[in-house]
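Commentary on secondary and tertiary structure
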Amino acid sequence: MANKPGRRRKVTLDDYKKEDSHYINAKEFADELMWCQEHNQLTEKMYNMFKKLAQRCSGSFYYQSPDDRYDCVMNAVLIMADKYQKFDFSRESAGPFSYFTSIAYNGIRAGWNSLNAGKSVTYRIDQIFTNNHD
């Protein structure tokens, strides 16, 4: 009776939180940010965390091409890298993860708006669904 399947283990959320996944540990994020602020330099690990955070936030927008998505993500990373020194651990009650998530969304939104600045065509919803075959 070889190859008899054993009991399957229940898959949990921790199984998906691997080192190479898109998840960021909030405590590790805060510790790395604190180290970067103390040493006044942005590490490659912090840069990669900013990039993962921006990539996750970029799913809220529609892009014409993958290059547009990449440009928006890099715009958000640039803004986060510029503002990492401004986070104050003593003042912010929500924590650095939520602070930089909002910066990432705003950076992606700014990049998306700059890419779509000349494309201000709007359609009325009733015009889309009307049958104009007269």
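Structure's up top.
Residues numbered from 1 in each chain as written. Predicted model: local features only at pLDDT ≥ 70, side-chain atom pairs only at ≥ 80, totals over all residues. Heavy atoms only, no water.

Helix and strand content of the protein: six helices and zero strands. Reading the protein from its N end, one meets helices and strands in the order α-α-α-α-α-α. In the protein, which comprises 134 residues, the share counted as buried stands at 28%. Long-range contacts, defined as pairs at least 24 residues apart, comprise 63% of the intrachain contacts of the protein with a sequence gap of at least 6. (Helix = DSSP H or I, 4+ residues; strand = E, 2+ residues; numbered from the N terminus. Buried < 20%, exposed > 50% of the residue type's maximum accessible area, 1.4 Å probe, protein only. Contact = heavy atoms within 4.5 Å.)

Here we come to the nonpolar core. Counting 23 residues, the largest nonpolar core has Phe29, Met46, Phe50, Ala54, Met80, Phe100 and Ile108 as the members making the most contacts within it. Contributing elements (two or more residues each) for this core: α2 (26–39), α3 (44–57), α4 (66–83) and α5 (96–115). Here the element with the most residues in this core is α3; it accounts for six residues. Among all residues touching Met80, those that are not within four sequence positions of it are Phe50, Leu53, Ala54, Phe100, Ile103 and Ala104. (Core = buried A, V, L, I, M, F, W, Y, C linked by side-chain atoms within 4.5 Å.)

In this section: the environment of Met46. Note on placement: Met46 falls in helix α3. A C-alpha to C-alpha distance of 7.5 Å links Met46 and Phe29, two positions 17 residues apart in sequence.

Let us look at the packing of α2 against α5. It is the contact of α2 with α5, at a shortest axis distance of 9 Å, that shows an interaxial angle of 85 degrees. Taken as axis vectors, α2 and α5 run roughly perpendicular relative to one another. Of the residues in α5, those touching α2 at Ala26, Phe29, Ala30 and Leu33 are Pro96, Phe97 and Phe100. Grouping the constituent residues of the contact of α2 with α5 by class yields seven nonpolar, no polar and no charged. (Axes fitted to C-alpha atoms, helices over the stretch in contact; angles between N-to-C directions. Parallel < 35°, antiparallel > 145°, perpendicular 65-115°, else oblique. Nonpolar A, V, L, I, M, F, W, Y, C, P; charged D, E, K, R; others polar.)

This paragraph deals with α4. For an α-helix, the turn length of 3.6 residues means that residues three or four places apart are oriented alike. For α4, with 18 residues, the first-to-last C-alpha span of 26 Å sits near the 26 Å given by 1.5 Å per residue. Lining the buried residues of α4 we find α3 and α5. (Expected span 1.5 Å × (residues − 1).)

A word on the packing of aromatic side chains. Going through the model one piece at a time under the given rule, you end up with nine aromatic pairs. Seen from their ring centres, Phe29 and Phe97 are 5.8 Å apart, and the 85 degrees between their planes marks the pair as edge-to-face. Here the residue Phe29 occupies a position in helix α2, and Phe97 occupies one in helix α5, the gap between them amounting to 68 residues. Between the aromatic rings of Tyr99 and Phe100, the centroid separation amounts to 5.1 Å while the plane-to-plane angle is 90 degrees, which identifies the pairing as edge-to-face. When its relative accessible area of 0% is taken as the criterion, Phe100 is described as buried. (Phe/Tyr/Trp six-rings, centres within 6.5 Å; stacked < 30°, edge-to-face > 60°.)

A few words now on the pattern of salt bridges. A complete count under the given rule lists two salt bridges for this structure. Two residues, Asp31 and Lys27, come together in a salt bridge whose shortest N-O distance is 3.3 Å. In this pair, Asp31 and Lys27 are both assigned in helix α2, four residues apart and thus about one turn of the helix distant. We classify Lys27 as exposed; its relative accessible area is 56%. The salt bridge partner of Lys45 is Glu28, with a shortest N-O separation of 2.9 Å. (Salt bridge = Lys/Arg side-chain N within 4 Å of Asp/Glu carboxyl O.)

From the geometry alone we can't say anything about function, so treat these as descriptive.
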